[in-house]
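# Reading the structure
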Amino acid sequence: MKTYLFLFLAFLSFDKLAAQSAGNNGFGYLGFNHLALQVKDMEASKDFYTNVVGLKPISVPDSLKAIRSWFDTGNGQQLHLLAGRTTPVINDKNGGHFAIFVSSIEAAEKFLSARKTPFHKQVRFDGVVQIYFADPDGYLIEVNQKK
């Protein structure tokens, strides 16, 4: 037990040191805050990210509710949806996409199949199973299971 506690405390110290070091690199990078996607139909996108992806909505100032939706993606990070997209989104699995972890790749595949959501499944070079599917605007999402 003491060994695990020591390793945990060592990890925390290293993580804090790494963050301090990163902040002193001139640019000052400390971590990722949010990803913003411009969407065509805010209601369809809010429904998708809430009921398909399973993200928790977070409050938006009243003055922005008609043109913004924010979601908690964990670890203090967020997804922001911005109204006003008028051009098509064209992505493929080898280009623009973002990736998320799921607890079970099999359960995610069954869920998408039951919803009749088209997806592409493949095995990455290191044996990780990946699923790619698009949101209502065409933004591509990669899903894989944390090892």
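Right above here is the structure, for reference.
To start, this report covers the structure provided alongside it. Predicted model only: the values in this text are computed from it and were never measured. (Residues numbered from 1 in each chain as written. Predicted model: local features only at pLDDT ≥ 70, side-chain atom pairs only at ≥ 80, totals over all residues. Heavy atoms only, no water.)

Counting across every chain of the model gives 5 salt bridges. One salt bridge in this structure joins Asp62 and Lys65, with 3.1 Å as the shortest N-O distance. (Salt bridge = Lys/Arg side-chain N within 4 Å of Asp/Glu carboxyl O.)

Right, let's get into the side chain of Gln130. Mapped onto the elements, Gln130 comes out in strand β7 (residues 129-134). One polar contact links Gln130 to Glu142, side chain to side chain, over a distance of 2.9 Å. (Helix = DSSP H or I, 4+ residues; strand = E, 2+ residues; numbered from the N terminus. Polar contact = N/O pair within 3.5 Å; in protein donor to acceptor, adjacent residues only side chain to side chain.)

To continue, consider unusual backbone geometry. Positive phi, close to 55°, is recorded for Asn75, a residue that is not glycine. Positionally, Asn75 belongs in the loop between β3 (68-74) and β4 (77-83). At Lys116, a residue that is not glycine, the phi angle is positive and equals roughly 55°.

In this structure, the largest pocket encloses a volume near 600 Å³. Together, 23 residues line the largest pocket, and Leu55, Thr73, Ala99, Ile100 and Phe101 are the ones closest to its centre. For the lining of the largest pocket, the secondary structure elements donating two or more residues are β3, β4, β5 (98-102) and α3 (105-114). Among the elements that make up the lining of the largest pocket, the one with the highest residue count is β5 (5 residues). Split into classes, the residues belonging to the lining of the largest pocket amount to 17 nonpolar, 6 polar and no charged. (1 Å grid on protein atoms, 1.4 Å probe; cavity = no way out; pocket = protein on both sides within 12 Å on 5 of 7 lines; lining within 4 Å. Points joined across faces, edges and corners; volume = space filled by probe spheres on them. Nonpolar A, V, L, I, M, F, W, Y, C, P; charged D, E, K, R; others polar.)

So, on to the packing of aromatic side chains. Throughout the structure, instances matching the rule amount to 3 aromatic pairs. Summarising the aromatic geometry, the rings of Phe48 and Tyr49 are spaced 5.0 Å apart at their centres and angled 85° between planes, so their arrangement reads as edge-to-face. Overall, the relative accessible area of 8% leaves Phe48 in the buried class. Judged by its relative accessible area of 1%, Tyr49 falls in the buried class. Centroid distance Tyr49 to Phe71: 6.3 Å. Interplanar angle 45°. Geometry classified as tilted. Of the two residues, Tyr49 is situated in helix α2 (residues 42-51) and Phe71 in strand β3; the sequence distance between them amounts to 22 residues. With respect to class, Tyr49 is no different from Phe71; both count as buried. The rings of Phe48, Tyr49, Phe71 and Phe133 are connected pair by pair, giving a single aromatic cluster. (Phe/Tyr/Trp six-rings, centres within 6.5 Å; stacked < 30°, edge-to-face > 60°. Buried < 20%, exposed > 50% of the residue type's maximum accessible area, 1.4 Å probe, protein only.)

Right, let's get into the sheet that holds β5. In spatial order, the strands read β5-β8-β7-β6; together these 4 strands make up an open sheet with mixed pairing. Among the strands making up the open sheet, the edge pair consists of β5 and β6 (120-123). Strand-to-strand, the axes of this sheet are offset by a mean angle of 25°, without reference to chain direction. (Pairing = 2+ DSSP bridges. Axes fitted to C-alpha atoms, helices over the stretch in contact; angles between N-to-C directions.)

As a further point, take the sheet that holds β4. Taking strand neighbours across the sheet as the criterion, the 4 strands line up as β1-β4-β3-β2 in an open arrangement whose pairing is mixed. Only two strands of the sheet have a single partner each, and these edge strands are β1 (34-39) and β2 (56-58). Looking at each pair of strands side by side, their axes are set apart by 30° on average, direction ignored. One ladder, built from 6 bridges, connects β3 with β4; its direction is antiparallel. Bridging from a neighbouring strand, Trp70 pairs with His80 of β4. Contacts from α2 reach β1, β2, β3 and β4 within the one sheet, and its direction differs from that of β4 by about 160°. (Contact = heavy atoms within 4.5 Å.)

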